[in-house]
Amino acid sequence: MLTKDLAICIRAIDYSETSQIVTFFARAAGKIDAIAKGSKRPKSPFDGPIEVLSHGNIVFIDSAGEKLATLTEFQQQPALINLRNDLFVPYTCLFAAELLNNLTDDYDPHPELFDGFLDFLHNVNEQHLTTNQRRDILALLILFQLILLKEVGLKPVLDRCVNCRKSGRVGLAPPPLDQSILDVPDVYFSNSANGLICRDCESSFPDKIKLTKEASDCLADLKQIPDSAEKTLEEIEKVMVHHLTGLLGRPLKMAKHILRN
Ligand SMILES: [Zn+2]
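Enquirer: Please set out the pairing of strand E3 (residues 30-36) residue by residue, giving values where relevant.
Expert: With respect to burial, E3 is a largely interior element, 7 of its 7 residues being buried. Two strands pair when backbone bridges link them, and strand E2 (residues 20-26) and E3 are joined in this way by 7 bridges, in the antiparallel orientation. Bridge pairing in E3 places alanine 26 opposite glycine 30. Taking the residues between adjacent antiparallel strands as the criterion, E2 and E3 are bridged by 3 residues. Examined bridge by bridge, E3 and strand E5 (residues 69-76) share 2 bridges and lie parallel to one another. In the strand pairing of E5, alanine 34 is matched with alanine 69.

Structure representation (structure tokens):
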């Protein structure tokens, strides 16, 4: 069956002298692996070899139980990101694509995540052309990672302590639910708890990481992220990479290009 969709290429590997195997994140279909026969021939049916982060309309033949779909058309739009610039921006976009590839399942559609990813690529590119500050790119990456986690059902709890809210100790007054974690003096992030942990609960979470006041305020109130200091965003991104690595249970290839140390 021929299927039309709008898609972004998130992975491309050489399959033979002339063909590639590509992974697309498609708006209606979700993630698909497809063979692009002849994509590397001089007269390619896909306007040349398919590059990671290229996007446009695709037509493919469903894999019908087989591992690979067959790509029959790809109208590549002008690239959003110039991968030949040896800079933080393309690495950030490739890192986002790696996360998307690892955290989504084949043929599991996430149209909002697709739109969020396309917006992210546009915004990063725009930022690159205007300020090109590391801080602004990091802010966009952190917000995209949070959209991704939410879409795949792994949204971290950032507005209050994960633990006190859940425990509601018997015989004692439950903690006031309207108390924001912003008012709590020491705040930690725990991978296993999937969110923020307060000082009273931290001893039960050996994997916790202590956050600076700036970083925890920022996570508890995401509107602060675009205006935060680069140092704070570096700290948050380090926590995010640690968390995502823990979720996936293996190292992320592009992470070393994102973190400073
Ligand atoms: Zn607590």
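Enquirer: If you had to explain the nonpolar core to someone new, which residues and values would you point to?
Expert: Grouped together as the largest cluster of nonpolar side chains are 53 residues, with contacts concentrated most on Phe95, Leu100, Phe117, Phe120, Leu121, Phe144 and Leu211. Every element with two or more residues in this core is listed here: strand E1 (2-14), helix H1 (88-103), helix H2 (111-129), helix H3 (134-151), strand E6 (187-190), helix H5 (213-220) and helix H6 (230-248). Residues Phe24, Ala29, Ala34 and Phe46 belong to the second largest nonpolar core, which totals 16 residues.

Cut-offs and rules
Residues numbered from 1 in each chain as written. Predicted model: local features only at pLDDT ≥ 70, side-chain atom pairs only at ≥ 80, totals over all residues. Heavy atoms only, no water. Buried < 20%, exposed > 50% of the residue type's maximum accessible area, 1.4 Å probe, protein only. Helix = DSSP H or I, 4+ residues; strand = E, 2+ residues; numbered from the N terminus. Pairing = 2+ DSSP bridges. Core = buried A, V, L, I, M, F, W, Y, C linked by side-chain atoms within 4.5 Å.

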